[in-house]
Amino acid sequence: MVPNRFSVTTPIYYVNDVPHIGHAYTTLAGDVLCRWRRMHGDDVHYLTGTDEHGLKIQRAAEAQGVHPQEWADRTAVRFEQTWDELQIRTDDFIRTTEPRHYAAVTKFLQAVYDNGFIYKGTYEGLYCVPCEAYYADDELTDGNCPIHDRPVENVVEENYFFKLSEFAQRLLDHYEAHPEAVQPESRRNEVLGFIKQGLRDFSMSRTSISWGVPLPWDAAHVTYVWFDALVNYCTAVGYGVDDERFAQWWPADYHLVGKDILRFHAVYWPAMLMAAGLEPPKCVFAHGWLLVGGEKMSKTKLNQIFPHDLVAEFGVDGYRYHFVADQRFGPDGDFSYEAMVTRYNADLANNFGNLANRVLNMAVNYCDGVVPTVRENGPLRAQAEAAYSGAVDGFARLDFANACSAIWELIRATNAYIEDRAPWALNKAGDAAATHAVLGDCLEALRVIALLSAPVIPNACAELWRRLGQPGAVDDQRLPAAAAWGQLPAGNALEKGDPLFPRLEAAT
Ligand code: MSP
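Criteria and thresholds
Residues numbered from 1 in each chain as written. Predicted model: local features only at pLDDT ≥ 70, side-chain atom pairs only at ≥ 80, totals over all residues. Heavy atoms only, no water. Buried < 20%, exposed > 50% of the residue type's maximum accessible area, 1.4 Å probe, protein only. Helix = DSSP H or I, 4+ residues; strand = E, 2+ residues; numbered from the N terminus. Pairing = 2+ DSSP bridges. Right-handed = clockwise from strand over helix to strand, strands pointing away. Near = heavy atom within 4 Å. Polar contact = N/O pair within 3.5 Å; in protein donor to acceptor, adjacent residues only side chain to side chain. Areas by Shrake-Rupley, 256 points an atom, 1.4 Å probe, with all protein chains shown as cover. Nonpolar A, V, L, I, M, F, W, Y, C, P; charged D, E, K, R; others polar. Salt bridge = Lys/Arg side-chain N within 4 Å of Asp/Glu carboxyl O.

(A) Layout of the pairing of strand S1 (residues 5–14). Here S1 lies mainly inside the structure; nine of its ten residues are buried. Judged from the eight bridges that link them, S1 and strand S2 (residues 43–51) form a sheet pairing that is parallel. Its bridge partner lying in S2, Phe6 is registered against Val44. Following the chain from S1 across helix H1 (residues 21–39) to the adjacent parallel S2, one finds a crossover that is right-handed. The pairing of S1 with strand S12 (residues 254–258) spans two bridges and is parallel. When the sheet's bridge partners are listed, Val8 is paired in S12 with Tyr254.

(B) Fine view of the site of the ligand. Taken together, 24 residues lie near the ligand, and Ile12, Asp51, Gly258, Asp260 and Leu290 sit nearest. Between the ligand and the protein, one listed contact pairs a nitrogen atom with a backbone N or O atom of Ile12 at 2.8 Å. Gly22 is positioned such that a nitrogen or oxygen atom in its backbone is 3.4 Å from a nitrogen atom of the ligand. For the ligand, the accessible surface in isolation is 660 Å², of which the surrounding protein chains cover 95%. Elements with a contribution of two residues or more to the shell around the ligand: S1, H1, helix H7 (225–230), helix H8 (232–235) and S12. Here the shell around the ligand takes four residues from S1, the largest share from any one element. Split into classes, the residues belonging to the shell around the ligand amount to 14 nonpolar, eight polar and two charged.

(C) Summary view of the pattern of salt bridges. In total, this model carries 37 salt bridges according to the counting rule given. Residue Asp218 is joined to Lys120 by a salt bridge in which the shortest nitrogen-to-oxygen separation is 3.9 Å. Taken together, the positions of Asp218 in strand S11 (residues 218–223) and Lys120 in strand S4 (residues 118–128) put the pair 98 residues apart, joining distant regions of the chain. Notably, a salt bridge pairs Glu139 with Arg263, separated by 3.6 Å at the nearest N-O pair. Here Glu139, found in the loop between strand S5 (133–135) and strand S6 (153–162), pairs with Arg263, found in helix H10 (residues 262–275); they are 124 residues apart in sequence, far enough to count as distant. By relative accessible area, which is 40% here, Arg263 ends up partly exposed. In this structure, a network of salt bridges that share partners links the residues Asp31, Arg35, Arg89, Arg320 and Asp475.

Below, the structure written as structure tokens:
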């Protein structure tokens, strides 16, 4: 059978800043989704990378007294290291200063130009450097950029323009025919509202800066950073160099983006693709911001939190669990250290960790250290099936928090089952058959729990899988078949061990 191809992208991050938990939020969510799909046998392509051109990077480098390329080299590595530390598995890490990207952008530009969607004109406008975007007067808040709340700059330039205005109807038709192409629903409405107001052409080249990809037909201009950046999604899957590969992987299944860059992805980008004769992405999914003390993180506000500091305290799985299960992927969410500790202790130390420990300890003690026969229709079977279908539903909607709740319901049900059947009492009463039956049910539930939560907390699940005496790697198992009830082999040697998630005390 030919595997289903599934491709997911994150935004490519500006290298003016090192990665904080806001950047990691999207990249981690994509990783969990891709791990889930890989376990279903999909051929997955997960792409992330860095956006290295534009005025913002040029200025950041100047401020440090280094060439932009050197600055980009230094910072791009910080992103790669952070993704490694969080055990995020990517299939490619693209940097917009790579030769392959220059080649793709050049080809893309030429196609749009040849198709008649680019013309020369003069532009005077209000520019926000952190956004790398122009704003109209009525879009400003008290004269400031609505996103960064800081002054914009008046810029007059001879530019090339992209005829965005010609695409309004085509975009509306596209979104009418593909209602799932912008998610969640509220974001779709926002995009439709924006298009219906009428679209203005935008300037897609700069002469005021040199840090960018030169236009193939006029080398005095460099490509506007957003026009260049968006093309990365095509570069990475072979656009311009490997037509067969590109045909296999394009269009992307999901572009995961923050709400601040929705317009670029759901208006500019599909129009640019149409202009180049290519298909728009299947879905742009926009999530909210991760706030700290109710505010967006920024260098100037000194409220940035870095993944490494939290990993040191919570471990990789503790980190991953919090940002996947405890922050909703859609609306804005506020990060709270206290909430992270509370939820870690409740869900990981108490529910997940204690369950694994109790069941393995009892099974080692009461069942001679091996798995007893698992009952085909044990009382936890329906719960295990509900956990899988709840997870399928949650992951399909990118509602990671709900996918996790469905899995944690099985953990809670198994804990409640133990309390109810009290295998220690059955054992004391000498009822070996009943003790083995109950513990067989619980061990099988643990097997399913390890499988379903592996995309979120891979290390604890790998260890649990091993302690259950299971061969191979938990994330090499194939769903849905592997999740079907009753597959833990009788006689597997079991192992007790240290707590999978030691309890944490909140630092004061
Ligand atoms: N370089 C552009 C994207 C180009 S994609 C072709 C860019 N870079 S960025 O580094 O400023 O932001 C990248 C992403 O990080 C955006 O989706 C943004 O929403 C996200 N986040 C930055 N801070 C964030 C939070 N505090 N919370 C959640 N996401 C955040 O824009």
